[in-house]
Amino acid sequence: MKSGIHPEYRKVVFYDTSADVYFKTGSTMSSSETIEWDDGNSYPLIRLDISSASHPFYTGKQRSVGTEGRAAQFKRRFGSLGARRS
């Protein structure tokens, strides 16, 4: 590895603000905010709007998409409105 070109890899704490969940992992992100973790050490704190704890795909609250295509849905809904009458 070349020295001086790689970002510093360290432990950071991510905070999902929408689910109020904290988790510690390794990252190259940096922050001016810090938080004291359960082990007594201080780590940089990164605030997130969404993570796997709050994303609909991972929480099971995702809407299911029908098998019918968008064009077919449009034709089914509005297909008879466009017919010309003689």
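Heads up: these notes are all about the structure in this document. The residue numbers shown here count from 1 along each chain, following its written sequence. Local features in this predicted model are restricted to residues of pLDDT 70 or higher, and side-chain atom pairs are both shown and tallied only at a pLDDT of 80 or more, whereas totals for entire chains, interfaces and linings draw on every residue. Side-chain metrics rest on all non-hydrogen atoms present in the structure, leaving aside hydrogens and water.

### Quick look at the nonpolar core
Then comes step 1: Residues enter a nonpolar core if they are buried and are Ala, Val, Leu, Ile, Met, Phe, Trp, Tyr or Cys, with the set joined through side-chain atoms within 4.5 Å. A 1.4 Å probe rolled over the protein chains alone gives each residue an accessible area, and that area as a share of the maximum for its type sets the label: buried under 20%, exposed over 50%, partly exposed in between. With five residues, the main nonpolar core is built from Val13, Tyr15, Trp37, Tyr43 and Leu45.
Then comes step 2: Of all the secondary structure elements, the ones that give two or more residues to this core are strand S1 (10-16) and strand S4 (42-48). Each helix corresponds to a stretch of at least 4 residues labelled H or I by DSSP, and each strand to a stretch of at least 2 residues labelled E; elements are numbered beginning at the N terminus.

### Concerning the environment of Gly26
Then comes step 1: Following the sequence through the fold, Gly26 ends up in strand S2 (residues 21-27).
Then comes step 2: If we skip the residues at most four places from it in the chain, Gly26 touches Tyr9, Arg10 and Lys11. Note on contacts: a residue pair qualifies if any of its non-hydrogen atoms lie within 4.5 Å across the two residues.

### Quick notes on the pattern of salt bridges
Then comes step 1: Salt bridge, as applied in this entry: a Lys or Arg side-chain nitrogen positioned within 4 Å of an Asp or Glu carboxyl oxygen. Evaluated as defined, the whole model comprises three salt bridges.
Then comes step 2: Here Asp39 makes a salt bridge to Lys24, at a shortest N to O gap of 3.6 Å. Taken together, the residues Asp39 in the loop between strand S3 (34-36) and S4 and Lys24 in strand S2 connect sequence positions 15 residues apart.

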